[in-house]
2 protein chains.
Amino acid sequence: MERTLIGALGSRVGQEVSISGWVDVRRDHGKIIFLDIRDRSGKVQVICNANHAEALAEASKLRPEWVLEITGKVNERPEKMRTEGANGNLELEASEIKVLARAAELPFPKDEQVNLDTLLDNRPLTLRSERERDIFAVQATIVDAYRRALQARGFTEFQAPALVGGDAEGGAAVFKVAYFYDKTAYLATSPQLYKQIMVGAFERAFTIARIFRAEKSATTRHLSELTQMDFEMGFIKDELEVMAVLEEIIRDVVSEAAKRHADAFARLKATPPALGQKFPILTLQEAQKILGSAEAPDLQPEDERRLSEWALKEHGSDFVFITRFPTASRAFYTYEDPAEAPYSRGFDLLLRGLEINSGSQRIHDYDAMVARIKNCNMDPKKFSFYLQAFKYGMPPHGGSSTGLERFTARVLELPNVKEASAFPRDLNRIDTLLHAADTVED
Amino acid sequence: MERTLIGALGSRVGQEVSISGWVDVRRDHGKIIFLDIRDRSGKVQVICNANHAEALAEASKLRPEWVLEITGKVNERPEKMRTEGANGNLELEASEIKVLARAAELPFPKDEQVNLDTLLDNRPLTLRSERERDIFAVQATIVDAYRRALQARGFTEFQAPALVGGDAEGGAAVFKVAYFYDKTAYLATSPQLYKQIMVGAFERAFTIARIFRAEKSATTRHLSELTQMDFEMGFIKDELEVMAVLEEIIRDVVSEAAKRHADAFARLKATPPALGQKFPILTLQEAQKILGSAEAPDLQPEDERRLSEWALKEHGSDFVFITRFPTASRAFYTYEDPAEAPYSRGFDLLLRGLEINSGSQRIHDYDAMVARIKNCNMDPKKFSFYLQAFKYGMPPHGGSSTGLERFTARVLELPNVKEASAFPRDLNRIDTLLHAADTVED
């Protein structure tokens, strides 16, 4: 019999069907055994009883995560046995159970909340929990809605390289790769230079890129491999135009995630971020005034938390833009208007206390770019490839970069960014802990 | 005045507008200067004449790739001056030209066909040519149509890691990364193990992943960094189900690319691949019979070319599947049915003489997987993370992997796969040639 997806059982009441899936939960009452069976489309309660002795006997051997093919009849549940949610009004009475794969005894119940190391040590199992599937289903929507919002605004997607010949941004700790002919290559810390080059070709370009940070940080905000959603656009007047496009995109993404995953937000006890009428925009100086703190070239994590509280209270927005950081504290390619010195046209976007995006208007004039590189004590020769873009005519342009894992974590109110990466890498872990000798060879 | 996109000028005839873009071509007739101006939406001819002396004077200084803002009136062209294509019936009479950025003299005309090394040495410039923009616009459609076809079939996207703790597939040459605490990490040669793990969580999963191959090959088919479009699906009967889904996806992708980029195909003198009624399927033995060659564990490049010719001639299809390779010549996780030994349930998909995809049904039983790993002289301990997926119940499953650059190259009939990568890395090049000392530091 052809397989019916569990999510489609509602239209098959009274019929014989065949379903396939995993044993999510098993409740053994001796003469009656209940199974919650899960497939990609949902869950359903299966009842095994004396009407089908062989199926009941088979059910008595089952354990969580066994993989089954079950034939049976879709019945409506008695009125008082109904539950909320999909398939809460029906059950499948099993007439035949076929085991497709057995599972070892689980080290802990799949849906039990465990500490982060246990969660990650057992990732192939814990990814099956409702909580983790919710997180990564929402993440898939976020990245897809982000792309679609950009496509709708005339941005062309491109594939940014992960292997680079030098340390693009100058400063961030980078991983070294042994390349051919004993050359050292590096893992990209950002697709920045490539997306600027792409402005020359497509004017509006975006990429979903893997990037790598070799910072020796073990905080709740750091990963050593992450996903960046980057866009860059030409022919802007100033950074406010970039911020306006970013705000539109974020509004689309949050609305789409909230609409498609209302159940997941409820289960995760998270509220979709408040968008307010408009994301408030503060200059760094204005922000420091609100904080009552002294002027400083950048914000501290505690400052970011307090500014987010302010934005929610004063503007009903979980998002707040901070602009006009001192040029000296921003990446070398950040544009500074002479009339605005020593402040740059860079910005950060905070969400619920965390910087999830940064961007700026960029320098577009060749001579100015060469001068800035020298000013930063870097060698323009090492940027000869990148500089071609400026040599051959670049419009005023700018862009921004959103960290997918940070964004997901803040949207879902997860305390640690590692929870928003299916396979997080950090100071101590690549899948398994680094000191677990059986997984990392040298 | 607000900017009008060049692609929207058709609806602005008779009006004053402001456009922004690059000088694509400049034709100087002294008293009249014609400019072809390009933005992300298209091209238009701008005419500078004595009606606007200042604009004409400005135009006399311009060179290709200068970046301009031009104000003027949209006129219909005289009947006999019209050309084919978008905006061929109109021109913009410039009243004011503002230079946003100048460009150095180009080393060669932007749209000139140059050899591959020149093309890549000057990538920030050559990406602006019509040919290169066509290639990467089609590529953006391919990757997007691939994702949408999978989403429509219930696949969930995930982010596969690029940094891995070991050499997953066992065999392929890998790049080493200096990780924290003097540990060696590796660059992923495939997202294979992770997408299988994801089957446990989502049953159907896909990823667009960056992968890395350290093979010392300098052929027209090799890159050291590439993009793979990978999917994996649970609850299959055999590899034919995977092939059926793959064929549906490929048909969607090719149809979408052909529909959206008819102009680009024409300019590139390429024909969208013929899909036929159904992609023919040959076992390796059947293929070797057609070739009149002796049995061998795999196909040679020349064999692949001849089989593609056969498929087009006999089945009107530029695609042909080859199945049932000897298990010993396939990746360790490939499923072999005892009744079919020594042949495996792996397959390749050829497009116009080149393998662009390979896939298989996978082993799903834990004991069988451990036995196979040992059989391949690998240590199951090093796969302990991956093996959890099998330990805790995996359905019969399979999937496949399409190389984005190879696929793009064959769809557009580009002779070298490097032409289908915006920023190709290979044995000799990361942006610039490795021996160009100013770009690779150590």
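Quick caveat: nothing in here was measured; it's all calculated off a predicted structure.

Trainee: Explanation requested: the packing of aromatic side chains in the structure shown.
Mentor: Any two aromatic rings considered together are summarised by their centre-to-centre distance and by the angle between their planes. Summed over the entire model, instances satisfying the criterion amount to 30 aromatic pairs over all chains. Measuring from centroid to centroid gives 4.9 Å for Tyr179 of chain B and Phe180 of chain B, while their planes differ by 65 degrees, and the two rings are edge-to-face. The exposure class of Phe180 of chain B is buried, given its relative accessible area of 5%. Feature note: the residues Phe332, Tyr333, Phe383, Tyr386 and Phe390 of chain A constitute an aromatic cluster, connected by ring pairs. One residue, Arg330 of chain A, lies across the ring of Phe325 of chain A, its end atom 4.4 Å from the ring centre.

Trainee: What exactly am I supposed to notice about helix α8 (residues 284-291) of chain A here?
Mentor: Side chains of residues three or four places apart in an α-helix project in the same direction, reflecting 3.6 residues per turn. All names here are of chain A. Looking only at α8, the buried set comprises Leu284, Ala287, Gln288 and Leu291. Angular distribution of buried residues about the axis of α8 spans 95 degrees; they occupy a single face of the element. Structurally, α8 contributes buried residues whose contacts are with β12 (281-283), α9 (301-315) and β13 (319-323). A positive phi of about 65 degrees marks Gly292, the residue just after α8.

Trainee: What am I meant to see in the sheet that holds strand β18 (residues 429-430) of chain A here?
Mentor: Overall, antiparallel pairing links the three strands, which are arranged β17-β18-β19 (chain A) in an open sheet. Among the strands making up the open sheet, the edge pair consists of β17 (425-426) and β19 (432-433) of chain A.

Trainee: How should helix α10 (residues 366-375) of chain B be read in this particular structure?
Mentor: Residues and elements named next belong to chain B. Within the sequence span of α10, burial applies to Met369, Val370, Arg372 and Ile373. The buried side chains of α10 occupy one side of the element, clustering within an arc of 160 degrees when seen end-on. Structural note: α10 exposes Asp367, Lys374 and Asn375 on the side pointing more than 90 degrees away from its buried face. Here the buried face of α10 lies against α5 (192-202) and α11 (384-391). Two or three places before Asp367, at the start of α10, stands the capping residue Asp365, its side-chain oxygen 3.2 Å from that residue's backbone nitrogen.

Trainee: Can you walk me through the side chain of Glu91 of chain A in this structure?
Mentor: All names here are of chain A. Tracing the backbone through its elements, the reader meets Glu91 in strand β5 (residues 90-101). Here Glu91 is buried and forms no salt bridge, its nearest opposite-charge partner Arg77 lying at an N-O distance of 4.4 Å. Among the polar contacts listed, one links the side chain of Glu91 to the side chain of Gln45, at a separation of 3.1 Å. The contacts of Glu91, once residues within four sequence positions are left out, are Phe34, Gln45, Ile47, Lys73, Val74, Asn75 and Arg77.

Trainee: Would you mind going over the pairing of strand β13 (residues 319-323) of chain B with me for this structure?
Mentor: Consecutive side chains of a regular strand alternate in pointing toward one face of the sheet and then the other. Residues and elements named next belong to chain B. In terms of residue burial, β13 counts as a mostly covered element, since five of its five residues are buried. Side-chain alternation along β13 places Phe319, Phe321 and Thr323 on one buried face and Val320 and Ile322 on a second face that is also buried. Judged from the three bridges that link them, strand β12 (residues 281-283) and β13 form a sheet pairing that is parallel. When the bridges of β13 are listed, Leu282 appears paired with Ile322. Pairing analysis gives five bridges linking β13 to strand β14 (residues 346-351), with the strands arranged antiparallel. Paired with Thr323 across the strands is Phe347, a residue of β14.

Trainee: Help me understand the environment of Arg77 of chain A, please; the structure alone is not making it clear to me.
Mentor: All names here are of chain A. Note on placement: Arg77 falls in the loop between β4 (67-76) and β5. Between the C-alpha atoms of Arg77 and Asp426, which are 349 residues apart in sequence, the distance is 48 Å. Those residues in contact with Arg77, other than ones at most four positions away along the chain, are Gln45, Arg82, Thr83, Asn87, Gly88, Asn89, Leu90 and Glu91.

Trainee: Just to check I follow, could you spell out the interface of chain A and chain B for this structure?
Mentor: Many analyses report the size of an interface as the accessible area lost when the parts associate. The partner chain B presents 113 residues to the 113 residues of chain A that form the contact. For the pair chain A and chain B, the two sides together bury roughly 9400 Å², of which 60% comes from carbon and sulfur. In this structure, the connection of chain A to chain B is made through six salt bridges. Residue Arg3 of chain A is joined to Glu203 of chain B by a salt bridge in which the shortest nitrogen-to-oxygen separation is 2.8 Å. Applying the counting criterion to the chain A and chain B interface returns 42 residue pairs in polar contact (both at pLDDT 80 or more). Per element, the largest residue contribution to the side of chain A that touches chain B is nine residues, and it comes from helix α4 (residues 130-151) of chain A.

Trainee: Help me out: how do you make sense of the domain arrangement of chain A in this one?
Mentor: Residue and element names in this part refer to chain A. Its domain assignment divides chain A into domain 1 (6-101) and domain 2 (119-433). Each of domain 1 and domain 2 has a C-alpha centre, and the two are 46 Å apart. When domain 1 packs against domain 2, the two sides together hide about 320 Å² of surface, and 40% of this comes from carbon and sulfur. Three residues stand out in domain 1 for area buried against domain 2, namely Arg38, Lys43 and Glu65, and they jointly supply 83% of the buried area on that side. At the boundary of domain 1 and domain 2, one finds two salt bridges.

Quick notes on the rules
Residues numbered from 1 in each chain as written. Chains lettered and ligands numbered in written order. Predicted model: local features only at pLDDT ≥ 70, side-chain atom pairs only at ≥ 80, totals over all residues. Heavy atoms only, no water. Phe/Tyr/Trp six-rings, centres within 6.5 Å; stacked < 30°, edge-to-face > 60°. Buried < 20%, exposed > 50% of the residue type's maximum accessible area, 1.4 Å probe, protein only. Lys NZ or Arg CZ within 6 Å of the ring centre and 35° of its normal. Helix = DSSP H or I, 4+ residues; strand = E, 2+ residues; numbered from the N terminus. Arc of directions from axis to C-beta. Contact = heavy atoms within 4.5 Å. Pairing = 2+ DSSP bridges. Polar contact = N/O pair within 3.5 Å; in protein donor to acceptor, adjacent residues only side chain to side chain. Lys, Arg positive; Asp, Glu negative; His and termini not counted. Salt bridge = Lys/Arg side-chain N within 4 Å of Asp/Glu carboxyl O. Buried area = accessible area lost by both parts, 1.4 Å probe. Domains from an automatic or database assignment.

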